[in-house]
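So the chains spell out like this:
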Amino acid sequence: MGQSDLILQYFLSGITKGSIYAVVAIGFNLIYSATGILNFAQGEFVMLGGMVAVSLAFFLPLPVAVAAAVVFVALLGGLLELVFFRRLRRHSILHLVIITIGLSIIIQEAALHVWDEKVRSLPYFTGNEISSMHLFGAAVSPQVLWVLGTVAVIVVFLHVFLKYTMRGRAMRACSSNPDAALLAGINIANMRTLSFVLSAGLGAMAGCVISPITLTHYEMGSGLAIKGFSAAILGGLGNPMAAVLGGLLVGVLEAFSVSVLPAAYTDVTAFAILLLVLFVRPHGLLGTPAGESVREF
Amino acid sequence: MLLQVKNLRCGYGSLEVVHGISLHVCPGEIVGLLGGNGAGKTTLLKALVGLLRPWRGEILVNGRPVHNQPAWRCVSNAVALVPEGRQIFADMTVRENLLIGGYHNAYRRMDVEMVLERFPRLAERIHQLGGTLSGGEQQMLALGRALMARPKMLLLDEPSMGLAPMMAKEVFAEIVKLKDLGVTVFLVEQNAAATLAIADRAYVMETGEIILEGEAAELMHNAAVKRAYLGKGYKEIWE
Ligand SMILES: Nc1ncnc2c1ncn2[C@@H]1O[C@H](COP(=O)(O)OP(=O)(O)OP(=O)(O)O)[C@@H](O)[C@H]1O
Ligand SMILES: [Mg+2]
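Residues numbered from 1 in each chain as written. Chains lettered and ligands numbered in written order. Predicted model: local features only at pLDDT ≥ 70, side-chain atom pairs only at ≥ 80, totals over all residues. Heavy atoms only, no water.

A. Broad picture of the overall build of chain A. The helix and strand tally for chain A stands at 11 helices and 2 strands. In chain A, the succession of helices and strands from N to C terminus is α-α-α-α-β-β-α-α-α-α-α-α-α. In summary, chain A has a C-alpha radius of gyration of 19 Å against a globular reference of 19 Å for 297 residues, a match within 12%. By principal-axis analysis of the C-alpha atoms, chain A measures approximately 60 × 50 × 35 Å. In chain A, which comprises 297 residues, the share counted as buried stands at 53%. Taken as a whole, chain A presents about 12,900 Å² of accessible surface, with 71% of it coming from carbon and sulfur. (Helix = DSSP H or I, 4+ residues; strand = E, 2+ residues; numbered from the N terminus. Rg over C-alpha atoms; globule rule 2.2 N^0.38 Å. Buried < 20%, exposed > 50% of the residue type's maximum accessible area, 1.4 Å probe, protein only. Areas by Shrake-Rupley, 256 points an atom, 1.4 Å probe, with all protein chains shown as cover.)

Here's what the structure looks like:
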């Protein structure tokens, strides 16, 4: 394989992982916009999506298993909001953020007990490893196309939802001015729950499509949460579409870091980006300084 | 009676701001509420729409108690508030602001047209972000957004605040025009002259209590009101 082929291969793998970070970052943004909470349990939704789908795929056709897993995790997300955050709304945002960290630990432990510490994966959605296509000299597995396609659909769906449906507009109204949204008759408590349902469902969907490539493991969530968070901050918190840019950038930079850093250090890239952005441009690439930034914490 | 408030007490934390207020508004009226800074006008309005839970007393809309309802239920009682400082959705377009106002209105698309006819300035800026409008335009937008809910009663919190006299005049003219929609108006203001000029009746509030009430025409000539709220300079602007 020549140098340029290698570069293309890194790039593709970066885009693939990056698109998953993008979905996690979108989840961060949806919940942050609606509730002000940074939900560090976001990565667990991805893990749970994969785990539940793998288990269901034993006795259900793959598409049904994936759909059921997404619905299950989405409802679980809504339930978590109802049980924890709706009741504890009077507490400070910082308390709520710490609760999400606690939740992520509990979900991980629960996953360890329900399943085990083994690595699992869903089968390729279509084709298999062998049926990789060759694109300008790089091997592209069909699952990579599934990942990119799914994430593209998620992004388009979200854009249409937020921009052109009343419920989506209402969600934006809640984050723009909660009191005015209440006065318009929007039940903002329900909108907060909806943001958890959506984030969890989208995360689970990402967890399913990525499972054949990166495999599913009960511990995978916390790493994803950090990377998705870095991506959200890099893009600019409060803007789900900027999260996509952030996610892809983090993924690609991480993939290329393999060529300069020892493999054990790939995770450092995301942290380095996170710290750099927080120091240099806390409102992110596409955010505005007047807008929301993590400095609020 | 469309709105009846009986002995309402409320405040923040342990601080009581509204000390037992009673008032009423009949259908079709424009009723003014005058009071200086910190009198508790905004606090009273927040309690009326459910943004603040009353400590004591009753709020009746069409004879039905509403003081235990959450704020998002307010529009379903056909009561809409145009809040202090307009509270536009700054990062949403004018059209989206209006549509959100009609969140529970099945005919919202039709009503957007109605509002745009009423406020042609908004029609010109329909795709502009709310936050980029001038203060006067934002006030029109806030008014239009509230109308989108097809309210029977509109509560207005200092709609002329921060506006140039010409623009304020335009806003008051729009409020008078609400009568032809059959909308009843409860107008909270510091601009006593302009308010009394368009109101049927008015209340005067001071440190959380109603200290005066009566026909607008009477209050206009009340010495206390004149001294406290009209000031010397008002004639230059309003005549
Ligand atoms: N969120 C709050 N927490 C605590 N105290 C408050 C709060 N909002 C208002 N107050 C206090 O309640 C009192 C009445 O305030 P309010 O805003 O109701 O007055 P107002 O009549 O609307 O004044 P203005 O004409 O300046 O708008 C003031 O003393 C104010 O400091
Ligand atoms: Mg006020």
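B. Molecular detail of the side chain of Ser199(A). All names here are of chain A. Residue placement: Ser 199 occurs in helix H8 (residues 188-214). Owing to a relative accessible area of 1%, Ser 199 belongs among the buried residues under this scheme. In terms of polar contacts, Ser 199 uses its side chain to reach the backbone carbonyl oxygen of Gly 27, at 3.1 Å. When sequence neighbours within four positions are dropped, the list of residues in contact with Ser 199 reads Gly 27, Leu 30, Ile 31, Gln 42 and Phe 45. (Polar contact = N/O pair within 3.5 Å; in protein donor to acceptor, adjacent residues only side chain to side chain. Contact = heavy atoms within 4.5 Å.)

C. Spotlight on unusual backbone geometry. All names here are of chain B. Of note in this structure, Asn 7 is not a glycine but carries a positive phi near 50°. Considering the arrangement of structural elements, one finds Asn 7 in strand S1 (residues 3-12). Residue Asn 7 is classed as partly exposed on the basis of its relative accessible area of 41%. Non-glycine residue Ala 78 carries a positive phi angle of around 65°. Position of Ala 78 among the secondary structure elements: in the loop between strand S5 (64-65) and strand S6 (79-82). On the basis of relative accessibility, which here comes to 13%, the residue Ala 78 falls in the buried class.

D. Seen up close, the site of ligand 1. Residue and element names in this part refer to chain B. Near ligand 1 you find 13 residues, and of these Lys 41, Thr 42, Thr 43, Glu 84 and Glu 158 are the closest. Take Ala 39: an N or O atom from its main chain is 3.2 Å from an oxygen atom of ligand 1. For ligand 1, an oxygen atom lies 2.6 Å from a polar atom in the side chain of Thr 42. Bound to the protein, ligand 1 loses 61% of the 630 Å² it would expose on its own. Considering each element in turn, the shell around ligand 1 owes the most residues, 3 residues, to helix H1 (residues 41-49). Classifying every residue of the shell around ligand 1 gives 3 nonpolar, 7 polar and 3 charged. (Near = heavy atom within 4 Å. Nonpolar A, V, L, I, M, F, W, Y, C, P; charged D, E, K, R; others polar.)

E. Here's a closer look at helix H3 (residues 62-85) of chain A. Residues and elements named next belong to chain A. Here H3 is 24 residues long and its end C-alpha atoms lie 33 Å apart, about the 34 Å a rise of 1.5 Å per residue gives. Listing the buried residues of H3 in full gives Leu 62, Ala 65, Val 66, Ala 69, Val 70, Val 73, Ala 74, Gly 77, Gly 78, Leu 80, Glu 81 and Phe 85. Against the buried residues of H3 lie helix H2 (42-56), helix H4 (93-114) and H8. (Expected span 1.5 Å × (residues − 1).)

F. Region of interest: the interface of chain A and chain B. Listed per partner, the contact involves 19 residues of chain A and 23 residues of chain B. Taking both sides of the interface into account, the surface hidden between chain A and chain B amounts to around 1,800 Å²; carbon and sulfur atoms contribute 64%. When the buried area of chain A at its contact with chain B is split by residue, Met166(A), Arg169(A) and Leu183(A) rank highest and sum to 35% of it. Counting every contact that joins chain A to chain B gives 2 salt bridges. (Buried area = accessible area lost by both parts, 1.4 Å probe. Salt bridge = Lys/Arg side-chain N within 4 Å of Asp/Glu carboxyl O.)

G. The arrangement of the sheet that holds strand S7 (residues 153-157) of chain B in detail. Residue and element names in this part refer to chain B. Across the sheet, which stays open at both edges, the 6 strands sit in the order S6-S7-S8-S3-S9-S10 with mixed pairing between neighbours. The outermost strands of the open sheet, each flanked by one partner alone, are S6 and strand S10 (209-215). Geometrically, the sheet is characterised by an average inter-axis angle of 15° between neighbouring strands, direction not taken into account. Pairing analysis gives 4 bridges linking S6 to S7, with the strands arranged parallel. For Val 82, the partnering residue across the bridge sits in S7 and is Leu 156. (Pairing = 2+ DSSP bridges. Axes fitted to C-alpha atoms, helices over the stretch in contact; angles between N-to-C directions.)

H. Representation of the coordination of the magnesium ion (ligand 2) within the structure. Residues and elements named next belong to chain B. Coordination of the magnesium ion (ligand 2) by the protein is provided by Thr 42 (OG1) and Glu 84 (OE), with metal-donor distances spanning 1.8 to 2.3 Å. Here Thr 42, found in helix H1, pairs with Glu 84, found in the loop between S6 and helix H2 (94-101); they are 42 residues apart in sequence, far enough to count as distant. Classification of Glu 84 by relative accessible area gives partly exposed; the value is 30%. (Donors = N, O, S within 2.8 Å, 3.2 Å for Na, K, Ca; no water.)

I. Highlighting the sheet that holds S5(B). Residues and elements named next belong to chain B. Here 4 strands make up an open sheet; going across it, the order is S2-S1-S4-S5 and the pairing antiparallel. Edge strands, defined here as strands with exactly one partner in the open sheet, are strand S2 (15-25) and S5. Relative to S2, S1 is paired through 8 bridges, and the arrangement is antiparallel. Counted as the bridge partner of Leu 3 is Val 25 from S2.

J. Up close: the packing of aromatic side chains. For the structure on display, the rule yields 7 aromatic pairs over all chains. Three or more aromatic residues link up through ring pairs in this structure, and these residues are Phe28(A), Phe40(A) and Phe229(A). Seen from the ring of Phe89(B), Arg145(B) lies directly overhead, with NZ or CZ sitting 4.9 Å from the centre. (Phe/Tyr/Trp six-rings, centres within 6.5 Å; stacked < 30°, edge-to-face > 60°. Lys NZ or Arg CZ within 6 Å of the ring centre and 35° of its normal.)

K. Broad picture of a nonpolar patch on the surface. Residues and elements named next belong to chain A. Taken together, the side chains of Leu 245, Leu 249, Leu 253, Leu 285 and Leu 286 define a hydrophobic patch exposed on the protein surface, amounting to about 400 Å² of accessible area. Note that Leu 253 resides in helix H10 (residues 240-260). Using a relative accessible area of 43% as the deciding quantity, one classes Leu 253 as partly exposed. (Patch = residues over 30% accessible without salt bridge, like charges linked within 9 Å, V, L, I, M, F, W, Y side chains within 5 Å.)

L. Summary view of H8(A). All names here are of chain A. If you check H8, its first and last C-alpha atoms are 37 Å apart, about what 27 residues at 1.5 Å a residue would give, namely 39 Å. Along its length, H8 shows its largest kink, about 30°, at Cys 208, and proline Pro 212 lies within four residues downstream of that point. Where burial is concerned, most of H8 is hidden: 20 out of the 27 residues are buried. Of the residues flanking the end of H8, it is Leu 215, one or two places downstream, whose phi is positive at about 70°. (Bend = angle between axes of the 7 residues up to and from the residue.)

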